[in-house]
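Spelled out, the chains give:
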Amino acid sequence: MTAAVATQGLTKRFRSGQVAVRDLDLHVPAGAVYGFLGPNGSGKTTTIRMLLGLVAPTSGDAELLGEAMPARRAGVLPRVGALVEGPAFHPYLSGRDNLRRADAADRTVDPRTSAARIDAALERVGLSAAATKRYRVYSLGMRQRLGLAAALLRPRELLVLDEPTNGLDPQGTREVRTLVRELAADGATVFVSTHLLAEVEQLCSHVGVMSAGQLVAQGTLAQVTAATGTRVRVEARDPRRAAAVLAEHGLSPATGTTGAAAGSAADGGAVVEAELAGADPERLLAALVASGAGVRQFALQRATLEDLFVTLTGEGFDVRA
Ligand SMILES: Nc1ncnc2c1ncn2[C@@H]1O[C@H](COP(=O)(O)OP(=O)(O)O)[C@@H](O)[C@H]1O
Ligand SMILES: [Mg+2]
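So, how was this worked out
- As a convention, each chain's residues are numbered from 1 in the sequence order in which they are written.
- All chains are assigned letters beginning at A, and all ligands numbers beginning at 1, according to the order in which they are written.
- The predicted nature of this model means local features are confined to residues of pLDDT at least 70 and side-chain atom pairs, given and counted, to a pLDDT of 80 or more, with totals for whole chains, interfaces and linings taken over all residues.
- A run of H or I in DSSP counts as a helix once it spans at least four residues, and a run of E counts as a strand once it spans at least two, with each numbered from the N terminus.
- As a rule, residues whose C-beta atom has 12 or fewer other C-beta atoms within 10 Å are exposed, those with 20 or more are buried, and those in between are partly exposed; C-beta atoms are placed from the backbone.
- Each residue gets a C-beta atom placed from its backbone, and two residues are in contact if those atoms lie within 7 Å.
- Joined through C-beta atoms within 7 Å, a set of buried Ala, Val, Leu, Ile, Met, Phe, Trp, Tyr and Cys residues constitutes a nonpolar core.
- Two strands qualify as a pair provided that DSSP identifies no fewer than 2 bridges between them.
- Axis lines are fitted to C-alpha atoms, over the contacting stretch for helices. Their N-to-C directions set the angle, which ranges from 0 to 180 degrees.
- Each residue receives a C-beta atom placed from its backbone. It is near a molecule or strand if this atom lies within 6 Å of it.
- Amino acid classes used here: Ala, Val, Leu, Ile, Met, Phe, Trp, Tyr, Cys and Pro are nonpolar; Asp, Glu, Lys and Arg are charged; the rest, including Gly, are polar.
- One less than the number of residues in a helix, times 1.5 Å, gives the span that helix is expected to have.
- Any angle between 65 and 115 degrees counts as roughly perpendicular, while under 35 counts as roughly parallel, over 145 as roughly antiparallel, and the rest as oblique.
- By the definition used in this description, the sense in which the near helix is turned from the far one sets the handedness, with an anticlockwise turn below a right angle giving left-handed and a clockwise turn giving right-handed.
- By definition, the arc is the one covered by directions from the helix axis to the C-beta atoms.

Caption draft 1: Layout of the overall build of the protein chain. Of the regular secondary structure elements, the protein chain holds 11 helices and 15 strands. Taken along the three principal axes of its C-alpha coordinates, the protein chain extends 80 × 40 × 40 Å. Expressed as a percentage of its 321 residues, the buried residues of the protein chain come to 39%. If you take every contact in the protein chain between residues at least 6 apart in sequence, the share linking residues at least 24 apart comes to 70%.

In structure tokens, the structure reads:
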């Protein structure tokens with residue numbers, strides 16, 4: 001099957017000299033819900049704008065639904081629903097009238113079905129009651145919904161959504177995630193950018209992780225988290241001794257890496273953690289006990305997507321939000 005989105009060496013250098021996206025090789029299989037994950041400023045929006053032909057790449061190639069962009073944009077863009085930040089809507093027109101304008105601008109749809117399709121799209125994003133209000137008075141969440149409605153005015157093979165839950169309250173966030181799932185279940189490929197790990201974990205079959213303009217991991221959720229492997233977590237009365245034992249077995253232990261606990265456990269013990277890195281956990285435990293480090297807990301933990309994200313991007317999520 002062809003990829004729904006594929007890029008090779010896609011690069012964007014702005015006039016300022018800043019390279020916002022560097023040498024990007026995206027591969028989004030047809031039918032995937034692909035989470036394009038990265039902290040703010042990592043190049044997600046710039047990538048999406050290049051994919052949609054809104055900004056020209058400095059170098060590299062992009063294909064949507066097997067068609068080269070931007071060369072084949074006239075043919076391919078009607079098959080793609082997009083939600084990107086930007087002044088797409090007229091402030092003094094109502095939500096419904098804005099959708100009428102958007103639909104009229106699409107020469108490839110039947111104008112006789114316009115009213116019905118607009119009502120269906122408004123209904124689907126929960127804007128029916130606010131359809132006659134001016135865009136100007138819409139909240140950020142309502143604006144996001146209207147953007148989604150515009151993307152849903154006709155059936156789409158691919159949806160490209162830039163942070164669709166931005167500005168939504170928890171209820172709106174849940175509704176948009178449900179909507180994305182429904183669209184995917186209907187057979188659309190979804191490419192959705194986000195800086196929220198939970199969004200990827202709840203929504204996506206695939207993930208690509210951006211850091212400082214580069215794609216640092218890509219694959220199914222399982223593939224990407226498996227690549228980070230297993231961690232060992234030891235709570236011991238004598239954490240230095242425990243760390244020394246781990247180091248003797250080829251691990252690179254860190255103490256006090258467990259967030260709020262800051263490495264200290266009850267009654268003076270402390271936590272030591274390390275990537276297991278192929279070591280035999282039974283032998284590790286035996287050596288720890290024999291060392292007299294005072295082992296109180298010994299646990300193996302599968303790395304989560306959050307561990308991976310912090311490892312790959314060198315920061316917690318949302319840092320620059
Ligand atoms: N039009 C522009 N001119 C110059 N720099 C830009 C422009 N748009 C974005 N950038 C810079 O490119 C980097 C990536 O931005 P962006 O693609 O918006 O990231 P994200 O969507 O992941 O938050 C940022 O450092 C941003 O400041
Ligand atoms: Mg962005």
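Picking up where we left off.
Caption draft 2: Representation of the nonpolar core within the structure. In terms of nonpolar packing, the biggest core is built from 67 residues, with Leu 51, Leu 64, Ala 149, Leu 158, Val 160, Val 190 and Phe 191 touching the most fellow members. Take this core: its biggest share by element is 6 residues, from helix H5 (residues 140-151). Residue contacts for Leu 64: discarding those within four places in its chain leaves Val 5, Leu 51, Met 69, Val 76, Val 80 and Leu 158. Counting 16 residues, the second largest nonpolar core, distinct from the first, contains Val 234, Ala 236, Val 272 and Leu 288.

Caption draft 3: Structural detail: the sheet that holds strand E12 (residues 230-236). With respect to topology, 4 strands assemble into an open sheet ordered E13-E14-E12-E15, the strand pairing being antiparallel. The open sheet has two edge strands with one neighbour each: strand E13 (254-255) and strand E15 (295-302). When E13 meets strand E14 (residues 270-275), the two strands line up antiparallel, connected through 2 bridges. In the sheet register, Ala 254 faces E14, and the bridge partner there is Glu 273. Along the sheet face, helix H10 (residues 281-290) touches E12 and E15 and points at about 160° away from the line of E15.

Caption draft 4: Layout of the site of ligand 1. In the neighbourhood of ligand 1, the contacting residues comprise Phe 14, Ser 16, Gln 18, Ala 20, Gly 38, Asn 40, Gly 41, Ser 42, Gly 43, Lys 44, Thr 45 and Thr 46. Here the shell around ligand 1 takes 3 residues from helix H1 (residues 44-51), the largest share from any one element. For the shell around ligand 1, the residue count by class is 2 nonpolar, 9 polar and 1 charged.

Caption draft 5: Just H5, in detail. In a regular helix each residue adds 1.5 Å, so 12 residues correspond to 16 Å; H5 covers 17 Å between its end C-alpha atoms and thus fits that length. Most of H5 sits inside the fold, with 9 of its 12 residues counted as buried. Those residues of H5 not exposed but buried are Met 142, Gln 144, Arg 145, Leu 146, Gly 147, Leu 148, Ala 149, Ala 150 and Ala 151.

Caption draft 6: Representation of the packing of helix H3 (residues 95-105) against helix H4 (residues 114-124) within the structure. Contact geometry of H3 with H4 gives a least axis separation of 10 Å together with a crossing angle of 125°. Our classification of the angle between H3 and H4 gives oblique. Between H3 and H4 the crossing geometry is right-handed. For the pair formed by H3 and H4, the contact residues are Gly 95, Arg 96, Leu 99, Arg 100 and Asp 103 on the first element and Ser 114, Arg 117, Ile 118, Ala 121 and Leu 122 on the second.

Caption draft 7: Representation of helix H11 (residues 305-313) in the model. Those residues of H11 not exposed but buried are Leu 305, Leu 308, Phe 309 and Thr 313. Projected down its long axis, H11 shows its buried positions confined to an angular sector of 100°, all on one face.

Caption draft 8: Examining the packing of H3 against H5 more closely. Where H3 meets H5, the axes come as close as 10 Å, and the angle between the chain directions of the two elements is 35°. As H3 runs across H5, the sense of the crossing is right-handed. Contact with H3, carried on its side by Gly 95, Asn 98, Leu 99 and Ala 102, involves Leu 146, Ala 149 and Ala 150 of H5 and no other residues of that element. The residue inventory of the contact of H3 with H5, partitioned by class, reads 5 nonpolar, 2 polar and no charged.

Caption draft 9: Representation of the pairing of E12 in the model. Two strands pair when backbone bridges link them, and E12 and E15 are joined in this way by 7 bridges, in the antiparallel orientation. Within the sheet, the bridge partner assigned to Ala 236 lies in E15 and is Val 295. Bridge count for E12 against E14 is 6 bridges, and the pairing is antiparallel. In the strand pairing of E14, Val 232 is matched with Ala 274.

Caption draft 10: Focus on unusual backbone geometry. With an omega of 0°, the peptide bond running from Met 69 to Pro 70 counts as cis. One can find Pro 70 in the loop between strand E6 (67-69) and helix H2 (73-76). In the Ramachandran plot, Glu 163 falls in the positive-phi region, its phi being about 45° despite a non-glycine side chain. Along the polypeptide, Glu 163 turns up in the loop between strand E8 (158-162) and helix H6 (170-185).

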